[in-house]
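# Topology and contacts: notes
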Amino acid sequence: MLSNDALTYLNSRMASLQTDRVEPELAVKLRDYITKTDPEKLHPIRSEDFRKTLGLSKYPAVTLLLKSVKHGLMDIDWSTCCPKCSGVTHHASSLNTVEEASFCPMCDVGFDLSVDENLQVIFSVSENLIPVPESVRNSQAMAHDHGITGSDLLNNAYFRHNFSNEVVSEDRGLKIKNITLLFTDLKGSTELYEKIGDLNAYRIVREHFGILDEIIGRNNGTVVKTIGDAVMASFSNSEDGLNAGIEIQEHFTLSGKNPSVVIKMGLHAGPALVVNLNGKIDYFGSTVNIAARVQNLSKGGDVFISKSIFDDPRSLKYLRKMPAIFRYKAKLKGIKEDYQVYQLNRKK
Ligand SMILES: [Zn+2]
């Protein structure tokens with residue numbers, strides 16, 4: 001049972017949440033979850049149970065949890081977990097106080113943090129609503145949940161847009177074992193500007209950014225930045241990145257609605273460093289460079305992918321849909337050996 005104070009707090013926070021594009025039906029489910037779940041299971045929230053009860057897949061569940069934090073319904077904790085025993089070795093209330101390296105006294109082992117492997121994000125219902133039960137407070141081993149990693153937040157568009165204070169501190173970087181990066185660029189944009197004028201071209205470029213943003217978000221990714229007419233986006237896995245890439249090209253080439261927009265596209269996945277560039281989360285390292293160069297091979301309207309994307313078993317169902325796949329050995333600037341790339345085409 002909620003106290004009167006807690007109930008007042010809940011009502012005001014729920015009202016605030018609903019101004020943040022949360023469907024009324026989903027808001028009701030969230031309210032029920034907070035008020036009807038065993039308090040032990042709200043400190044912390046069991047992410048699998050949360051997803052199933054609210055009927056959400058992972059990405060929208062993470063978005064809803066983040067909105068709940070933003071509007072004061074929940075608290076967030078970044079827990080570093082030991083790779084051996086998965087015990088929590090370090091807590092941080094924000095990404096910029098997460099430590100790059102940690103030590104587990106139980107296993108007597110030191111380890112480097114990687115945000116997609118041993119940085120867990122734990123959500124709990126605000127103590128203004130449901131106090132931590134004595135049984136949880138007294139238990140030595142804090143229950144933890146391995147459902148949501150740091151990578152799930154970094155690749156979430158709501159997180160990027162609304163948690164701008166959540167960055168890596170400026171002088172360092174955090175490792176990520178695997179991130180899928182998608183790069184696009186507009187083909188022949190100089191000619192386009194000359195043909196229709198800067199103002200019209202700007203309108204078209206803005207519109208195309210909007211479409212990319214929507215398709216990338218719908219496929220569980222986020223735009224990291226735009227560079228001129230180019231877009232860099234990130235995803236937790238190749239499957240989502242590849243599906244977004246194919247959908248973008250289908251939208252622009254098959255709809256015939258935007259004949260002046262021809263997009264070059266490339267994808268690559270691998271390890272990277274999560275860094276802070278001008279106060280925003282960005283990525284650094286050879287995976288980023290290679291992804292940009294793979295995009296540069298694109299002829300426009302196609303999708304170029306590296307071997308790491310092609311070989312990922314989860315890519316298979318999308319590759320099967322492609323009428324034509326060409327394999328190339330390409331020279332990439334700054335890389336000695338020929339690089340294996342694949343061109344996915346709608347037409348043979
Ligand atoms: Zn350990």
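For clarity, every value in this text was computed on a predicted model and none was experimentally measured. (Residues numbered from 1 in each chain as written. Predicted model: local features only at pLDDT ≥ 70, side-chain atom pairs only at ≥ 80, totals over all residues.)

## Examining the overall build of the protein
The helix and strand tally for the protein stands at 13 helices and 13 strands. The globule rule puts the C-alpha radius of gyration for 348 residues at 20 Å, and the 22 Å found for the protein is close to it. Each of the three principal axes of the protein carries a C-alpha extent, and together these read 65 × 50 × 40 Å. By the burial criterion, 38% of the 348 residues in the protein qualify as buried. (Helix = DSSP H or I, 4+ residues; strand = E, 2+ residues; numbered from the N terminus. Rg over C-alpha atoms; globule rule 2.2 N^0.38 Å. Buried ≥ 20, exposed ≤ 12 C-beta atoms within 10 Å, placed from the backbone.)

## Notes on the domain arrangement of the protein
On domain assignment, one finds that the protein holds domain 1 (4-154) and domain 2 (170-345). The interface is formed by 12 residues belonging to domain 1 together with 11 residues belonging to domain 2. Ranked by the residues each element gives to the side of domain 1 that touches domain 2, the list is headed by helix α6 (residues 150-154), at 3 residues. Residues belonging to the side of domain 1 that touches domain 2 are distributed by class as follows: 5 nonpolar, 2 polar and 5 charged. (Domains from an automatic or database assignment. Contact = placed C-beta atoms within 7 Å. Nonpolar A, V, L, I, M, F, W, Y, C, P; charged D, E, K, R; others polar.)

## Focus: the nonpolar core
If you look at the biggest cluster of nonpolar residues, it comprises 73 residues, and the most contacted ones within it are Val 125, Leu 181, Leu 182, Leu 267, Val 274 and Ile 305. Examining the composition of this core, we find that 7 residues originate from one element, strand β6 (residues 174-186), more than from any other. No fewer than three residues from each of domain 1 (4-154) and domain 2 (170-345) sit in this core. Each residue touching Val 274, except ones within four places of it in the same chain, is listed here: Val 115, Leu 154, Val 168, Gly 173, Leu 174, Ile 176, Ile 281 and Tyr 283. (Core = buried A, V, L, I, M, F, W, Y, C linked by C-beta atoms within 7 Å.)

## A short note on unusual backbone geometry
A cis amide bond links His 43 with the next residue in sequence, Pro 44, at an omega value of 0 degrees. Looking at the secondary structure, you find Pro 44 in the loop between α2 (24-36) and α3 (47-54). Backbone geometry places Arg 21, a non-glycine residue, at a positive phi of 50 degrees. Tracing the sequence through the fold places Arg 21 in the loop between α1 (4-18) and α2. Backbone geometry places Asn 278, a non-glycine residue, at a positive phi of 50 degrees. Along the chain, the position of Asn 278 falls in the loop between β9 (263-277) and β10 (280-284).

## A short note on the sheet that holds strand β2 (residues 88-92)
What holds strands together in a sheet is hydrogen bonding between their backbones, with the strands either parallel or antiparallel. In space, the 3 strands of this open sheet follow the order β2-β1-β5, with antiparallel pairing throughout. Strands with a single pairing partner mark the edges of an open sheet, and in this sheet they are β2 and β5 (119-125). On average, adjacent strands in this sheet sit at an angle of 35 degrees to one another, irrespective of strand direction. Bridge count for strand β1 (residues 74-81) against β5 is 7 bridges, and the pairing is antiparallel. (Pairing = 2+ DSSP bridges. Axes fitted to C-alpha atoms, helices over the stretch in contact; angles between N-to-C directions.)

## A short note on the packing of α1 against α2
Closest axis-to-axis distance for the α1/α2 pair is 10 Å, and the angle between their directions is 150 degrees. Viewed along their axes, α1 and α2 adopt a mutual orientation that is roughly antiparallel. For α1 against α2, the interelement crossing comes out right-handed. In contact with Met 14, Leu 17 and Gln 18 of α1, α2 contributes Pro 24, Ala 27 and Arg 31. (Parallel < 35°, antiparallel > 145°, perpendicular 65-115°, else oblique. Left-handed = near helix turned anticlockwise from the far one by under 90°.)

## Looking at α1
With 15 residues, α1 ought to run about 21 Å at 1.5 Å a step, and its terminal C-alpha atoms sit 21 Å apart, in line with that. Along α1, the residues that are buried comprise Leu 10, Arg 13 and Leu 17. All buried residues of α1 lie within an arc of 75 degrees about the axis, which places them on one face of the element. Away from its buried face, by an angle of more than 90 degrees, α1 presents the exposed residues Asn 4, Asp 5, Thr 8, Asn 11, Ser 12 and Ala 15. Next to the buried residues of α1 lie α2 and α4 (58-70). (Expected span 1.5 Å × (residues − 1). Arc of directions from axis to C-beta.)

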